[in-house]
Amino acid sequence: LRAADPEFVRPETLDEALEELAEPGAMPLGGGTSVVMLLKNGLIEPSKLVFIGKLGELAQVGESPPGGLRLGGTVTLRELAESGTVRSTAPAVVEAASRVGNPRVRAVATLGGALAHGDPRQDLPPVLLALGATVTLTSRTGSRTVPLDGIFQGFMETDIREGEIVTHVDVPPDPNRRCIYHRFTPASDHDYPTVGVAASMSVASDGTVLAARLALGGVADRPILVSEADEVLGGRRPSDSDLKDLADIVRAAVDPIADERGSESYKRAMAATWTYRTVKSCLG
Ligand SMILES: Cc1cc2nc3c(=O)[nH]c(=O)nc-3n(C[C@H](O)[C@H](O)[C@H](O)COP(=O)(O)OP(=O)(O)OC[C@H]3O[C@@H](n4cnc5c(N)ncnc54)[C@H](O)[C@@H]3O)c2cc1C
């Protein structure tokens, strides 16, 4: 480390980590896959890095309550991708986690880091939004559990406050749930998605949609939840025209940022196309 580099501490317990993080300028370090790049580019200047990536207390994956999931903040993306519990409860989480970056990234990147980084192109946020997940944030002064939807506030901006750690994420149970995640990458498969679409639906045995949630990544300054999805698909066996209506709503609702993955209008078109395809596969 250079003289100007932040202090590095490795607490053994959550309580010790929260004590360290109470210091102004201290920052949690999960797998470090984003933090290291931000540091190298001079975009962040923490006084202290508090390494929580190996905190066993936050490394649990469990079916809790039955049919639901509790995922600890330091579970790695590889652990999510390889978990049989996650696969049987919410296979879209496995799909998203297993497609992030490359094996080296997935081996160390954590769930907490994947949410706190707040990059709108990331794979996991739309999936967890579609699943109606909540996130529990803990600081030295206590814990709060909030819908994930309220966390993303802008490009790499979240409502996670200084001193707080993502301790766990809960996915509620739903015996009728079907969920799916599609990511579209026209260039390399290892790239961030141009658009990622996640659908989660509660479907009765006769095909009636009891509830529907749809979320997208890569098409705004933050991952977005499309609140109209339930209105368009819910309470019926959706027709092809319902799916096209939803795709049109998405086309109008997104606000993409043009970059090397496409122009604003291309991403808008892809958001609509992949909404249609994703919802169709979820229902099929
Ligand atoms: C080469 C490469 C390719 C990538 N490709 C993709 C991709 O295709 N799709 C995709 O979705 N992502 C991709 N990523 C981004 C990757 O998902 C994130 O870098 C990773 O999820 C961040 O997790 P981390 O544990 O390494 O976080 P860190 O880098 O440790 O931290 C990131 C941020 O989260 C905070 N933080 C970490 N843990 C917690 C916690 N428990 N509570 C509160 N705050 C916390 C840190 O303080 C920091 O602000 C890629 C990254 C790289 C380097």
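**Brief notes about the nonpolar core**
Inference 1: The biggest cluster of nonpolar side chains holds 39 residues, and the ones touching the most others in it are Leu 80, Val 93 and Leu 128.
Inference 2: With residues up to four places along the chain from it excluded, the contact list for Leu 128 reads Val 93, Leu 111, Leu 115, Ala 133, Leu 148, Val 169 and Val 171.
Inference 3: Among the nonpolar cores identified, the runner-up in size contains 28 residues, and Ala 199, Leu 216, Leu 233 and Val 279 belong to it.

**Topic: helix H10 (residues 240-253)**
Inference 1: Relative to the 20 Å expected for 14 residues at 1.5 Å per residue, H10 spans 20 Å between its end C-alpha atoms, a close match to the ideal helical length.
Inference 2: Turning to H10, its buried residues are Asp 242, Leu 243, Leu 246, Ala 247 and Val 250. Along the axis of H10, the buried residues cluster in a sector spanning 140°; they form a single face.
Inference 3: Where the residues of H10 are buried, they touch strand E13 (209-217), helix H9 (228-233) and helix H11 (264-283).

**Quick look at a nonpolar patch on the surface**
Inference 1: A cluster of nonpolar side chains, contributed by Phe 155, Met 156 and Ile 257, occupies part of the molecular surface with about 260 Å² of accessible area.
Inference 2: Here Met 156 lies in the loop between strand E8 (152-154) and strand E9 (157-158).
Inference 3: Owing to a relative accessible area of 32%, Met 156 belongs among the partly exposed residues under this scheme.

**Here we look at the pattern of salt bridges**
Inference 1: Following the criterion strictly, the structure yields 20 salt bridges and no others.
Inference 2: Between Arg 144 and Asp 159 there is a salt bridge, and its shortest N-O distance comes to 3.1 Å. Of this pair, Arg 144 sits in strand E7 (residues 142-147) while Asp 159 sits in the loop between E9 and strand E10 (165-171); the two residues are 15 residues apart in sequence, bridging distant segments of the chain. With respect to class, Arg 144 is no different from Asp 159; both count as buried.
Inference 3: Two residues, Glu 164 and Arg 144, come together in a salt bridge whose shortest N-O distance is 2.8 Å. Remark: Arg 144 occurs in strand E7 and Glu 164 occurs in the loop between E9 and E10; sequence separation between them is 20 residues.
Inference 4: Ionic contacts of the salt-bridge type, sharing partners, join the residues Asp 191, Asp 259, Glu 260, Arg 261 and Lys 267 into one network.

Calculation criteria
- Residues numbered from 1 in each chain as written.
- Predicted model: local features only at pLDDT ≥ 70, side-chain atom pairs only at ≥ 80, totals over all residues.
- Heavy atoms only, no water.
- Core = buried A, V, L, I, M, F, W, Y, C linked by side-chain atoms within 4.5 Å.
- Buried < 20%, exposed > 50% of the residue type's maximum accessible area, 1.4 Å probe, protein only.
- Contact = heavy atoms within 4.5 Å.
- Helix = DSSP H or I, 4+ residues; strand = E, 2+ residues; numbered from the N terminus.
- Expected span 1.5 Å × (residues − 1).
- Arc of directions from axis to C-beta.
- Patch = residues over 30% accessible without salt bridge, like charges linked within 9 Å, V, L, I, M, F, W, Y side chains within 5 Å.
- Areas by Shrake-Rupley, 256 points an atom, 1.4 Å probe, with all protein chains shown as cover.
- Salt bridge = Lys/Arg side-chain N within 4 Å of Asp/Glu carboxyl O.

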